[in-house]
Structures are given as structure tokens and as C-alpha cells.
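Per-entry structural report
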Amino acid sequence: MSTPTTTSAADLGPIDPDWTISELVEWLSDDSRQHDPALQHPLAVIEAALTGGQWSRTPSTVALIRSLTLAAPQRGSSVIADALLPSRSLTLVA
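Described in the following lines is the structure provided in the data block.

Definitions and cut-offs
- Residues numbered from 1 in each chain as written.
- Predicted model: local features only at pLDDT ≥ 70, side-chain atom pairs only at ≥ 80, totals over all residues.
- Heavy atoms only, no water.
- Helix = DSSP H or I, 4+ residues; strand = E, 2+ residues; numbered from the N terminus.
- Buried < 20%, exposed > 50% of the residue type's maximum accessible area, 1.4 Å probe, protein only.
- Contact = heavy atoms within 4.5 Å.
- Areas by Shrake-Rupley, 256 points an atom, 1.4 Å probe, with all protein chains shown as cover.
- Phe/Tyr/Trp six-rings, centres within 6.5 Å; stacked < 30°, edge-to-face > 60°.
- Core = buried A, V, L, I, M, F, W, Y, C linked by side-chain atoms within 4.5 Å.

Assigned secondary structure in the protein consists of four helices and zero strands. Put simply, the protein has 94 residues, and 32% of those count as buried. Taking the contacts inside the protein whose residues are at least 6 apart along the sequence as the reference set, 67% of them involve residues at least 24 apart. With an accessible surface of roughly 6,300 Å², the protein has 53% of that area assigned to carbon and sulfur atoms.

Structural data, given as C-alpha cells:
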């Protein structure tokens, strides 16, 4: 059983939860952001929500950006806030 990832906008620092993954990747293309340690936690939260992958150790900001860039073609139009919401299952009641 997995624990859903939830976060508030404050946990994302300068990352706008209303951005799409493509917009995030574009914003991250600025060289000054690629080694910003303050982005490690927010990027880890977003990357985990998108890929569901497990890292054997704490990933660097650059590794997280690479992972998000690889996810962008399939999930580029996904809004960050939507990706961070826990999945909800609907139960039909007769």
C-alpha cells in the first residue's frame, strides 16, 4: 500500500502549482536553477508524484530535473497541483 503524496503551495517554494510539467521543465532550463539546493525538496515531491519511482539515495537537483524532463513528453500538459493530489477512486452505489 502506498501513501499518497500531498503538499501545500508553500512546500513548493518558487514553483507555481498551477504550472504544467512542460512549463516547469522550461523554467528549470535556466542554468542558475539547475544546482539550486532549495529546489531539491519541491522537485523530489513533484518527481515522485509523476513517476512513482523510488531512489536508493537522495537525488540531486540535476537528477530530478533529468527525470522530470524524461516524464515531460508523456505528462507535459499535467498541472503540478493535479499531479500532487492523491488519486481518488469512485465507488458506485446501487
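More follows now that the structure is in view.
According to the stated counting rule, one finds one aromatic pair in the structure shown. Consider the rings of Trp19 and Trp27, whose centres lie 5.2 Å apart with planes at 50 degrees: the pair is tilted.

Bringing the nonpolar core into the picture now. The biggest cluster of nonpolar side chains holds 20 residues, and the ones touching the most others in it are Ile15, Leu24, Leu28, Leu43, Ile46, Leu68 and Ile80. Among the elements of the structure, α1 (21-28), α2 (40-51), α3 (61-75) and α4 (80-84) are those that each provide at least two residues to this core. Top contributing element to this core by residue count: α1, with five residues. Those residues in contact with Leu24 that lie beyond four places of it in its chain are Ile15, Trp19, Leu43, Ile46, Leu68 and Ile80.

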